[in-house]
Amino acid sequence: MPEPDRRTHRRRQATRRALAVAGALAVLGVSVPLVAHAAPTPAPRTPTVAAPAASATPAGTATGDTRHVTEPAPPAAVCATVPATRSMPARTTDQGGETTPPDTVRIQHALDTCTQTGQQTVAVRLHAADPAHNAFLSGPLTIHQGEVLLLDSDVTLYGSRNPADYQVSGKPRCGTLASSGGGCKPLIGVAGANAGVEAVRAADGRQGRVDGRGDQTVLGTTTTWWQLATDAQRSGSHQNNPRLIQADDSDNFTLYHVDLLDSPNFHVVYNGGNGFTAWGVRIKTPATARNTDGIDPAGATNVTITDSFIMDGDDGIAIKGGNKPSRNITVSNNHFYGTHGISVGSETTSGVTDVLFRDNTLTGTDALGDTSGSSTGIRIKSSPANGGRVADVTYLRTCLDAVRAPLVLDTHYSADSGSGTPWFTGITVDGLTATHSPKGARSTLVGLDTAHPLELVLRRVALDATAVTAAHARITAGGVNLHPAGPDVTLTTTDGPGRAPTCAFPAFPAL
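Residues numbered from 1 in each chain as written. Predicted model: local features only at pLDDT ≥ 70, side-chain atom pairs only at ≥ 80, totals over all residues. Heavy atoms only, no water.

Asks: Describe the overall build of the protein, naming the residues involved and giving the relevant values.
Replies: Secondary structure assignment for the protein yields four helices and 34 strands. In the protein, the proportion of contacts linking residues at least 24 apart, taken out of those at least 6 apart, comes to 75%. Accessible surface computed for the protein: about 19,500 Å², of which carbon and sulfur atoms make up 51%. (Helix = DSSP H or I, 4+ residues; strand = E, 2+ residues; numbered from the N terminus. Contact = heavy atoms within 4.5 Å. Areas by Shrake-Rupley, 256 points an atom, 1.4 Å probe, with all protein chains shown as cover.)

Spelled out as structure tokens, the structure:
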């Protein structure tokens with residue numbers, strides 16, 4: 001049918017859908033419009049992502065995401081609105097509410113009822129009617145196909161502290177140490193295409209948030225989620241802590257203008273899908289909170305992570321290729337604080353290819369003044385325990401400040417043995433500046449062996465700490481002040497193609 005008729009048909013479908021679900025949701029205190037209506041309009045803003053000039057992108061650069069990615073917008077159709085009924089200024093509530101989070105059923109029922117088919121996407125809106133009612137407290141939620149969980153700018157969705165809420169059947173007990181992990185569901189699980197977690201950004205910069213409360217005690221214990229992770233490291237065991245958001249095989253998944261705070265474990269895992277956009281995400285968790293990765297695409301294709309501020313206690317980004325390969329990924333115009341770097345690995349068994357990192361800044365301390373326990377800038381890590389081919393990865397115009405390990409390409413990241421062959425080829429670092437590096441700062445450029453050397457191109461690199469450990473590497477360098485040497489290292493120098501980038505490091509925004 002002609003395009004205008006398609007639009008009319010889709011609007012009629014949405015209206016019929018809304019009429020069908022209204023009665024079911026009304027009994028739970030969830031309001032449903034009798035016609036689809038527009039989500040709150042985010043404040044106008046100027047996108048900070050722009051394509052670089054052709055001269056700024058050298059030949060041989062990875063292309064990254066094959067999609068043409070533009071700034072997202074919340075769905076126009078709101079299937080259901082769930083009103084907040086409480087306030088949690090101290091981030092806690094009464095014992096009854098902590099034991100049985102009161103909003104799980106209301107939110108999940110709206111999500112279950114609003115599931116879509118086809119390509120249409122609708123919002124389930126978490127609404128703050130006034131400042132005295134702006135909080136939700138929930139256990140694990142599942143977002144289905146065609147749904148966006150949309151948070152008002154004043155709304156906070158708090159995660160349960162009750163480990164029983166997250167328990168995975170047949171796995172170690174959530175909230176405990178064990179010989180293995182995997183005992184906890186994520187707070188927000190995503191199953192289905194064309195889904196998302198988004199928020200409205202107000203004119204003053206406020207945007208909706210999800211707070212995992214990893215700094216607070218696990219209910220029934222005297223230990224916080226974060227302390228549990230530290231105890232696991234000391235004892236050589238595994239903590240069973242919930243992730244904040246995990247999307248499995250969810251094509252076209254979007255995170256937009258949402259704040260993610262204090263996750264008990266990884267903040268975002270995107271596993272196995274094709275098409276993931278994270279835009280305007282702000283992650284704020286201390287550098288001292290162990291195993292709290294920022295955003296981890298795993299076995300993923302066509303990913304863009306951009307215009308975001310990420311502070312956490314592990315990798316800022318970790319692109320993994322364990323059970324499935326990862327490819328065509330772009331990480332651009334982001335700022336990282338106190339993390340373990342913008343990383344590939346350590347799981348690379350199935351391969352990671354065509355990754356573009358562009359115009360990112362990293363500082364070795366977080367916004368609270370905590371120093372990262374493993375402050376790293378650029379990092380590709382793997383080992384025979386879980387290694388495979390990493391090829392065609394480009395880092396363009398990267399700025400580092402107070403980072404202990406500016407450049408780490410390491411095929412011996414883990415001492416564990418295995419039959420894998422970690423092999424890093426087609427790696428390009430073009431434009432890298434490091435300032436205020438701490439005493440003892442050192443880079444690592446180590447290939448696996450003579451048959452599987454690191455293949456690296458360095459251009460326009462200016463480090464204020466030039467100590468480097470190198471082995472089994474074939475390096476071409478031009479316009480750099482780093483001079484790697486070591487066993488089985490070949491260094492070929494070329495004429496310098498310009499200067500390293502001039503850097504500025506923005507403060508983490510007030511949340």
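Asks: Explain the confidence of the model for the protein residue by residue, including any values.
Replies: Averaged over all residues, the pLDDT of the protein equals 91, while 88% of them reach at least 70. In the predicted structure, residues 1–27 sits below a pLDDT of 50 and forms 28 contacts with residues beyond four places in sequence or in another chain. Contacts of residues 33–55 to residues separated by more than four positions or lying in other chains number 50 contacts, the stretch itself having pLDDT below 50. (pLDDT = per-residue confidence, 0-100.)

Asks: With reference to specific residues and values, describe the pattern of salt bridges.
Replies: Counted under the stated rule, the structure contains 21 salt bridges. For the salt bridge of Asp211 with Arg91, the shortest nitrogen-to-oxygen distance reads 2.8 Å. Highlighted residues: Asp211 in strand 10 (residues 209–211) and Arg91 in the loop between strand 1 (78–83) and helix 2 (95–99), separated in sequence by 120 residues. Since its relative accessible area comes to 2%, Asp211 is described here as buried. Ionic pairing is found between Asp430 and Arg460, a salt bridge with its closest N-O pair at 2.8 Å. In this pair, Asp430 sits in strand 29 (residues 423–435) while Arg460 sits in strand 31 (residues 454–463), placing the two residues 30 residues apart along the sequence. (Salt bridge = Lys/Arg side-chain N within 4 Å of Asp/Glu carboxyl O. Buried < 20%, exposed > 50% of the residue type's maximum accessible area, 1.4 Å probe, protein only.)

Asks: With reference to specific residues and values, describe the side chain of Ser443.
Replies: You can see Ser443 is positioned in strand 30 (residues 443–446). A distance of 3.3 Å separates the side chain of Ser443 from the backbone nitrogen of Leu407, its partner in a polar contact. (Polar contact = N/O pair within 3.5 Å; in protein donor to acceptor, adjacent residues only side chain to side chain.)

Asks: Could you give an account of the packing of aromatic side chains, naming the residues involved and the relevant values?
Replies: For any pair of aromatic rings, geometry is given as the distance between the ring centres together with the angle between the planes. Taken as a whole and judged by the stated rule, the model has eight aromatic pairs. Consider the rings of Phe309 and Tyr337, whose centres lie 6.5 Å apart with planes at 15 degrees: the pair is stacked. Taken together, the residues Phe309 in strand 20 (residues 309–311) and Tyr337 in strand 23 (residues 335–337) connect sequence positions 28 residues apart. The burial state of Phe309 is the same as that of Tyr337; both residues are buried. Among the aromatic residues, those joined into a cluster by ring pairs are Phe253, Tyr270 and Phe276. One cation-aromatic arrangement involves Arg389 over Trp423; the distance from NZ or CZ to the ring centre is 4.2 Å. (Phe/Tyr/Trp six-rings, centres within 6.5 Å; stacked < 30°, edge-to-face > 60°. Lys NZ or Arg CZ within 6 Å of the ring centre and 35° of its normal.)

Asks: Account for helix 4 (residues 225–235), naming residues and giving values.
Replies: For the α-helix, the turn length of 3.6 residues means that residues three or four positions removed from each other point alike. Taken residue by residue, helix 4 has Trp225, Trp226, Leu228, Ala229, Thr230 and Ala232 as its buried positions. Elements that come into contact with the buried residues of helix 4 comprise strand 7 (177–178) and strand 11 (238–239). Looking one or two residues beyond helix 4, the residue adopting positive phi is Gly236, at roughly 70 degrees.

Asks: Explain the nonpolar core residue by residue, including any values.
Replies: In terms of nonpolar packing, the biggest core is built from 89 residues, with Leu149, Ile188, Phe253, Leu445 and Leu458 touching the most fellow members. Sequence-distant contacts of Leu445, that is, excluding residues within four places in its chain, are made with Leu407, Leu409, Leu454, Leu456, Val468, Thr469, Ala470, Ala471, Ala473, Ile475, Leu482 and Pro484. Counting five residues, the second largest nonpolar core, distinct from the first, contains Val78, Ala123, Leu150 and Val200. (Core = buried A, V, L, I, M, F, W, Y, C linked by side-chain atoms within 4.5 Å.)

Asks: Describe the pairing of strand 3 (residues 135–138), and please don't skip the residues or the numbers.
Replies: Of the two faces of strand 3, the one holding Ala135 and Leu137 and the one holding Phe136 and Ser138 are both buried throughout. Two strands pair when backbone bridges link them, and strand 3 and strand 6 (residues 156–159) are joined in this way by four bridges, in the parallel orientation. Of the residues in strand 6, the one forming a bridge with Ser138 is Gly159. (Pairing = 2+ DSSP bridges.)

Asks: Run through unusual backbone geometry, naming residues and quoting values.
Replies: Backbone torsion omega between Gly345 and Ser346 reads 10 degrees, so that peptide bond is classified as cis. Structurally, Ser346 is set in the loop between strand 24 (342–344) and strand 25 (352–363). The phi dihedral of Arg91 falls on the positive side, at around 65 degrees, and the residue is not glycine. A positive phi is found at Asn302, a non-glycine position, where the angle reads about 60 degrees. According to the relative accessible area criterion, Asn302 is buried, its value standing at 9%.

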